[in-house]
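# Chains, contacts and geometry: an overview
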Amino acid sequence: MSATKGLEGIVAAESKISSIIDDTLTYVGYNIDDLAENASFEEVIYLLWHTRLPKEDELAELKQQLADNMSIPQAIVDQFKTYPLSTVHPMAALRTAVSLLGVFDEEADVMDPEANYRKAIRLQAKIATVVTAFARVRKGLEPVSPKPELGYAANFLYMLKGEEPADIEIEAFDKALVLHADHELNASTFTARVCVATLSDVYSGVTAAIGALKGPLHGGANEQVMKMLTEIGSLENVESYIQNKLDNKEKIMGFGHRVYRKGDPRAPHLRVMSKKLTELTGKPELYEMSVKIHDMIVEQKKLPANVDFFSASVYDSLGIDHDLFTPIFAVSRTSGWVAHILEQYANNRLIRPRAEYVGPGMQKYVPISER
Ligand SMILES: CC(=O)SCCNC(=O)CCNC(=O)[C@H](O)C(C)(C)COP(=O)(O)OP(=O)(O)OC[C@H]1O[C@@H](n2cnc3c(N)ncnc32)[C@H](O)[C@@H]1OP(=O)(O)O
Ligand SMILES: O=C([O-])CC(=O)C(=O)O
């Protein structure tokens, strides 16, 4: 037995949900470019959970179910208030809150498909409220209740800021949610599938996935990209900053990918949005800096930007706090995690690979007094 480091190239599951073939990403066979231009996030949720696009009445029903389930237990908000709010990362708060949602869901351990679908709706609805409530509580503000008449993207921005967003903000945020919704067997989705393959519950699967997404090699990279842009500060500093990092063999966040070789097809959509939004908010330099970094990394390392690179300047332009970028990724990716969890339950087998043992050979126990 010999190990494949990082399981590179190993096919670990069959899935009908999304595919990456020759650098083309599809959700259930629909090209991501097509979905990014035409579909709403709610349509994508339906697509991922039912492996087909909804008809009008089905979409209306899903939107209603999401709107009806957005409120969260007061105990979660009260618990946020007890946290060390000046230091706790919103991903840690989210990880804990999703676990708490399971505590308050009477159906948490009911394992039939209908109950699991109901939990999927509740979780997708409530996760937006959890992230926005935490964002407000830590600023000493009260959470804002969702408006049932608003769509998912609009409601998120409304609950975050307490005022209804402009159409262009809704359009950009909705597209970002569509682009982040699913991505084959990425680390957090694999984590969710491993967890529920023990027949553990949906909340455990999503809590585990949030833990995996948090790391800077995965979803946590978008916050790190913004940290880098902030540190660089201006267009004229880009060259020396990036060159210094490259000379020191440091990784540049937002570049590289385990699967894509020519490029991540989601990045061009975010790049276009970044240009438009940074111009609109009077911060075009942020986009220009991003492009300069991009050109340097492509030229010197031949590494294309991934989904996390231009999403940073997009979210910043929407006035979103930088440490909320990864929780927003989680809000969108919950749709994909849940789709994979339901798919895993439907055709389950325990996921239990082997390790190649590289430790010492057989040893004899030595009593502590003789060591
Ligand atoms: C939503 C997402 O999860 S998208 C990914 C988000 N993560 C990031 O943006 C973090 C930065 N990128 C990376 O760390 C990596 O490219 C990953 C984690 C995405 C993929 O990792 P892997 O497939 O394991 O590639 P690995 O880390 O082995 O890199 C291969 C080579 O490219 C280099 N490389 C990879 N990414 C980068 C980068 N961002 N900057 C500089 N060099 C890089 C590595 O140093 C390595 O070089 P070497 O062979 O000379 O040692
Ligand atoms: O697929 C991956 O390894 C990471 C990624 O881009 C994602 O999860 O969106």
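Residues numbered from 1 in each chain as written. Chains lettered and ligands numbered in written order. Predicted model: local features only at pLDDT ≥ 70, side-chain atom pairs only at ≥ 80, totals over all residues. Heavy atoms only, no water.

Our focus in this paragraph is the domain arrangement of the protein. Each assigned domain of the protein is listed here: domain 1 (14-215 + 325-346) and domain 2 (221-317). Of note, the centres of domain 1 and domain 2, computed from C-alpha atoms alone, are 26 Å apart. Taken residue by residue, the interface counts 24 residues in domain 1 and 24 residues in domain 2. Of the roughly 2000 Å² buried between domain 1 and domain 2 on both sides combined, carbon and sulfur atoms contribute 63%. It is D23, L179 and F325 that lose the most area in domain 1 upon contact with domain 2, and together they represent 34% of the buried surface on that side. Here domain 1 and domain 2 share 0 salt bridges between them. Our enumeration of links across domain 1 and domain 2 arrives at 10 residue pairs in polar contact (both at pLDDT 80 or more). Elements supplying a minimum of two residues to the side of domain 1 that touches domain 2: α1 (32-38), α8 (167-180) and α16 (325-346). If you tally residues by element for the side of domain 1 that touches domain 2, the top one is α8, at 8 residues. Classifying every residue of the side of domain 1 that touches domain 2 by side-chain character gives 12 nonpolar, 5 polar and 7 charged. (Domains from an automatic or database assignment. Contact = heavy atoms within 4.5 Å. Buried area = accessible area lost by both parts, 1.4 Å probe. Salt bridge = Lys/Arg side-chain N within 4 Å of Asp/Glu carboxyl O. Polar contact = N/O pair within 3.5 Å; in protein donor to acceptor, adjacent residues only side chain to side chain. Helix = DSSP H or I, 4+ residues; strand = E, 2+ residues; numbered from the N terminus. Nonpolar A, V, L, I, M, F, W, Y, C, P; charged D, E, K, R; others polar.)

Here we come to unusual backbone geometry. Phi angles above zero are rare outside glycine, and K249 is one such case at about 60°. Counting through the fold element by element, K249 comes out in the loop between α12 (238-247) and α13 (266-280). Taking relative accessible area as the criterion, K249 reaches 76% and is therefore assigned exposed. In this structure, K302 takes a positive phi of about 55° despite not being glycine. Note on placement: K302 falls in the loop between α14 (284-301) and α15 (307-317). (Buried < 20%, exposed > 50% of the residue type's maximum accessible area, 1.4 Å probe, protein only.)

Of all residues adjacent to ligand 1, which total 19 residues, the nearest are H218, K251, I252, G254 and R258. Take R258: an N or O atom from its side chain is 2.7 Å from an oxygen atom of ligand 1. The protein chains hide 65% of the 910 Å² of surface that ligand 1 would expose on its own. (Near = heavy atom within 4 Å. Areas by Shrake-Rupley, 256 points an atom, 1.4 Å probe, with all protein chains shown as cover.)

Attention now goes to the layout of surface pockets. Unfilled space is identified by rolling a water-sized probe across the atoms. In this structure, the largest pocket spans a volume of roughly 1500 Å³. Elements with a minimum of two residues in the lining of the largest pocket: β1 (18-21), α9 (187-196), α14, α15 and α16. Taken together, the residues of the lining of the largest pocket sort by class into 22 nonpolar, 12 polar and 14 charged. A domain split of the lining of the largest pocket shows at least three residues from each of domain 1 (14-215 + 325-346) and domain 2 (221-317). Size it by volume and the second largest pocket reaches roughly 640 Å³. In terms of lining residues, the second largest pocket is bounded by 28 residues, among which R193, E343, Q344, A346 and N347 are the most central. (1 Å grid on protein atoms, 1.4 Å probe; cavity = no way out; pocket = protein on both sides within 12 Å on 5 of 7 lines; lining within 4 Å. Points joined across faces, edges and corners; volume = space filled by probe spheres on them.)

Nonpolar side chains tend toward joint burial in soluble globular proteins. F80, F173, I242, I293 and I320 are the most contacted members of the largest nonpolar core, which totals 114 residues. Per element, the largest residue contribution to this core is 12 residues, and it comes from helix α6 (residues 113-137). Counting contributing residues, this core receives three or more from each of domain 1 (14-215 + 325-346) and domain 2 (221-317). (Core = buried A, V, L, I, M, F, W, Y, C linked by side-chain atoms within 4.5 Å.)

Enumeration according to the criterion identifies 1 cavity of 30 Å³ or more in this entry. Roughly 30 Å³ of volume is contained in the largest cavity. F80, P90, A93, L94, V130, V131 and F134 together form the lining of the largest cavity. For the lining of the largest cavity, the secondary structure elements donating two or more residues are α5 (90-104) and α6. Grouping the amino acids of the lining of the largest cavity by side-chain chemistry returns 7 nonpolar, no polar and no charged.

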